[in-house]
Protein chains: 2
Amino acid sequence: MDENLNLTKKEQVIRVAANLFREKGYAAASMRDLAQKLGIEAASLYSHIKSKEEILQSLCFDMAAEFRKALENVENQKISASEKLRIGIIEHINVMAKDLPSSAVFMNEHRHLSRPFLNEFLLLQINYINRFKKIIEEGISKGEFKMNIDKKLAVMTLFSSLNWMPLWYDDKTNAVPTDLGEQLADILINGLKQ
Amino acid sequence: MDENLNLTKKEQVIRVAANLFREKGYAAASMRDLAQKLGIEAASLYSHIKSKEEILQSLCFDMAAEFRKALENVENQKISASEKLRIGIIEHINVMAKDLPSSAVFMNEHRHLSRPFLNEFLLLQINYINRFKKIIEEGISKGEFKMNIDKKLAVMTLFSSLNWMPLWYDDKTNAVPTDLGEQLADILINGLKQ
DNA sequence: CCTACCGATCGGTAGG
DNA sequence: CCTACCGATCGGTAGG
């Protein structure tokens, strides 16, 4: 079944939960489903985790931390805005590709976080988006990007493409993550047009 | 509360349900929630609808039909592929803007359809995506678009941007739908670069 | 459209 | 990690 690798039992629970939450959605996935996939009784889950929501919190905030870390390495480099955008996209996609189920949960299920965790999560997300927006603004002010772009639309287009990827990307048939990132950056920066 | 307009009671139920499903997700939204928003008892809902899922089916398949209809008007025009793509995007966004809650449900909640409805829905969706893919392929073969584009990536980028829009678009602060469509088409076709 | 209610399932706990 | 179980809530029906 699932490889043990070097994961603690708690990590295994969270890993299997990520797959389940992605598949059925958080609300529709029951702890009994999760227990069954792990080969134990539902009550036994609670020796490893405090609650169903604790799992969701781990998944959402751990992914958020990964994304933030990856972007930090990009922002302070002395390169053009297009280059920053390109590398930022590649890094984001690489983070997702390392854990597609968690990425899908991060994107689609975070709304089931309870307060105050939901608010905290949304703040992190807005902050991350704004950092990409600044890169786009830098590109505009330096004359690399067109002046008349709708910045909000541009950044939401970028994020939509990035976040949707875990829903259709397949390791087996698609390009390796870095190539995919390169191509996505190329489409957004240079367009489809010849 | 909610305007009556000229809607039948069933249509009112479905309309309020769209808002509720968008807000909480289909699985987490209860029929008691829905009844409360309508000012009636949960049991009374069943004089108007057969089941919770019937509502989801209406929402998903009605939106699907709207999208298909809009695209048909575009495909057979004798215009360039870029023009078809541009108009196709604008039409898609106009359909969504007419009913943002249903659009959000269409995008995010269709996976809760039971079989065989889920399969039927997915076929419609794949068909629709393929029709956009053909426009992109036409653009490539006619030399309008770059030859070395990853067609699947291009079409998924397009769809991600389109489908994500109901989650952030706000009638009050954002551009009118047609302008938004124009700008999105411009970003995808011409890119951000100066 | 209501009251009254059903069986099923939910997340979680007690105690070992 | 298990058995046994809890109160709450779910979608839905019967009968008016």
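Heads up: the structure comes first, above all this text.
Right, let's walk through the structure included here. As the structure is a computational prediction, the values presented were derived from the model and not from experiment.

With that settled, consider the overall build of chain A. Assigned secondary structure in chain A consists of eight helices and zero strands. For chain A, the α and β elements follow one another from N to C terminus as α-α-α-α-α-α-α-α. Taken over the C-alpha atoms alone, chain A extends approximately 60 × 40 × 30 Å along its principal axes. The buried share of chain A, taken over its 194 residues, is 53%. Of the contacts formed within chain A by residues at least 6 apart in sequence, a portion of 68% connects residues at least 24 apart. Carbon and sulfur atoms provide 50% of the accessible area of chain A, an area that totals close to 9,400 Å².

Residue and element names in this part refer to chain A. All buried positions along helix 2 (residues 31–38) are accounted for by M31, D33, L34, A35 and L38. Where helix 2 is buried, its residues touch helix 1 (9–24) and helix 3 (52–75). Looking at the residues trailing helix 2, positive phi occurs at G39, about 75°.

If you check the shell around DNA strand D, you find 15 residues, and the closest are E41(A), S44(A), M31(B), R32(B) and K52(B). Near the protein, within 4 Å, the atoms of DNA strand D are sugar or phosphate in 52% of cases. The separation between a phosphate oxygen of DNA strand D and a polar main-chain atom of A29(B) is 3.3 Å. R32(B) places a side-chain nitrogen or oxygen 2.8 Å from a base nitrogen of DNA strand D.

Residues L34(A), I55(A), L34(B) and I55(B) are the most contacted members of the largest nonpolar core, which totals 132 residues. If we skip the residues at most four places from it in the chain, L34(A) touches V13(A), V16(A), A17(A), L20(A), L45(A) and I55(A).

Our next topic: unusual backbone geometry. Residues R115(A) and P116(A) are joined by a peptide bond in cis, for which omega reads 5°. You can see P116(A) is positioned in the loop between helix 5 (100–108) and helix 6 (117–141).

The next thing to look at is the protein's contact with DNA strand C. Taken together, the neighbourhood of DNA strand C is formed by 15 residues, with M31(A), R32(A), K52(A), E41(B) and S44(B) sitting nearest. Within 4 Å of the protein, the contacting atoms of DNA strand C are 51% sugar and phosphate, with bases supplying the remainder. Between a phosphate oxygen of DNA strand C and a side-chain N or O atom of Y46(A), the distance comes to 3.0 Å. A per-class count over the surface near DNA strand C returns six nonpolar, five polar and four charged.

Further remarks concern the relation of the copies chain A and chain B. The operation relating chain A to chain B is a screw motion whose rotation component is 180°, with 0.0 Å of axial translation and a residual RMSD of 0.0 Å. A rotation of that kind, with that shift, is consistent with a two-fold axis. Within chain A, G191(A) has its C-alpha nearest the rotation axis, a separation of 1.8 Å. Taken together, the interface assignments show that 100% of the residues at the interface of chain A recur at the interface of chain B, consistent with an identical surface on both copies.

Further remarks concern the packing of helix 1 (residues 9–24) of chain B against helix 5 (residues 100–108) of chain B. Residues and elements named next belong to chain B. The contact between helix 1 and helix 5 brings their axes to 8 Å, and the two run at 50°. For the element pair helix 1 / helix 5, the angle class is oblique. Helix-helix and strand crossings are classified by hand; for helix 1 and helix 5 the assignment is left-handed. Contacts between helix 1 and helix 5 involve A18, N19, F21 and R22 from the former and L100, P101, S102, A104 and V105 from the latter. A per-class count over the contact of helix 1 with helix 5 returns six nonpolar, two polar and one charged.

The subject of this paragraph is the pattern of salt bridges. In the structure shown here, the tally under the stated rule is 22 salt bridges over all chains. Two residues, E83(B) and R86(B), come together in a salt bridge whose shortest N-O distance is 2.8 Å. Taken together, the residues span about one helical turn, with E83(B) and R86(B) both in helix 4 (residues 81–98) at a distance of three residues. Owing to a relative accessible area of 24%, R86(B) belongs among the partly exposed residues under this scheme. Each of K10(A), K50(A) and E54(A) takes part in salt bridges that share partners, so that together they form one network.

Contacts between the two partners involve 42 residues from chain A and, on the opposite side, 42 residues from chain B. Overall, the association of chain A and chain B removes approximately 3,900 Å² of surface from exposure, summing both partners, and the carbon and sulfur fraction of that is 60%. The tally of links between chain A and chain B comes to two salt bridges. With a closest N to O distance of 2.6 Å, R111(A) and E109(B) form a salt bridge. The interface formed by chain A and chain B holds 18 residue pairs in polar contact (both at pLDDT 80 or more) in total. Broken down by secondary-structure element, the contributors of at least two residues to the side of chain A that touches chain B are helix 1, helix 5, helix 7 (151–168) and helix 8 (177–190) of chain A. In terms of residues, the side of chain A that touches chain B owes the most to one element, helix 7 of chain A, which gives nine residues. For the side of chain A that touches chain B, the residue count by class is 19 nonpolar, twelve polar and eleven charged.

Our focus in this paragraph is the packing of aromatic side chains. All names here are of chain A. Summed over all chains, the structure comprises 17 aromatic pairs over all chains. With centroids separated by 5.5 Å and ring planes inclined at 85°, the aromatic side chains of F132 and F159 adopt a geometry described as edge-to-face. With F132 in helix 6 and F159 in helix 7, this pair connects stretches of sequence that are 27 residues apart. Each of the two residues, F132 as well as F159, counts as buried. Pairwise contacts between aromatic rings join F61, F67, F106, F121, Y128, F132 and F159 into one cluster.

Calculation criteria
Residues numbered from 1 in each chain as written. Chains lettered and ligands numbered in written order. Predicted model: local features only at pLDDT ≥ 70, side-chain atom pairs only at ≥ 80, totals over all residues. Heavy atoms only, no water. Helix = DSSP H or I, 4+ residues; strand = E, 2+ residues; numbered from the N terminus. Buried < 20%, exposed > 50% of the residue type's maximum accessible area, 1.4 Å probe, protein only. Contact = heavy atoms within 4.5 Å. Areas by Shrake-Rupley, 256 points an atom, 1.4 Å probe, with all protein chains shown as cover. Near = heavy atom within 4 Å. Polar contact = N/O pair within 3.5 Å; in protein donor to acceptor, adjacent residues only side chain to side chain. Core = buried A, V, L, I, M, F, W, Y, C linked by side-chain atoms within 4.5 Å. Nonpolar A, V, L, I, M, F, W, Y, C, P; charged D, E, K, R; others polar. Least-squares fit on C-alpha atoms with pLDDT ≥ 70 in both. Axes fitted to C-alpha atoms, helices over the stretch in contact; angles between N-to-C directions. Parallel < 35°, antiparallel > 145°, perpendicular 65-115°, else oblique. Left-handed = near helix turned anticlockwise from the far one by under 90°. Salt bridge = Lys/Arg side-chain N within 4 Å of Asp/Glu carboxyl O. Buried area = accessible area lost by both parts, 1.4 Å probe. Phe/Tyr/Trp six-rings, centres within 6.5 Å; stacked < 30°, edge-to-face > 60°.

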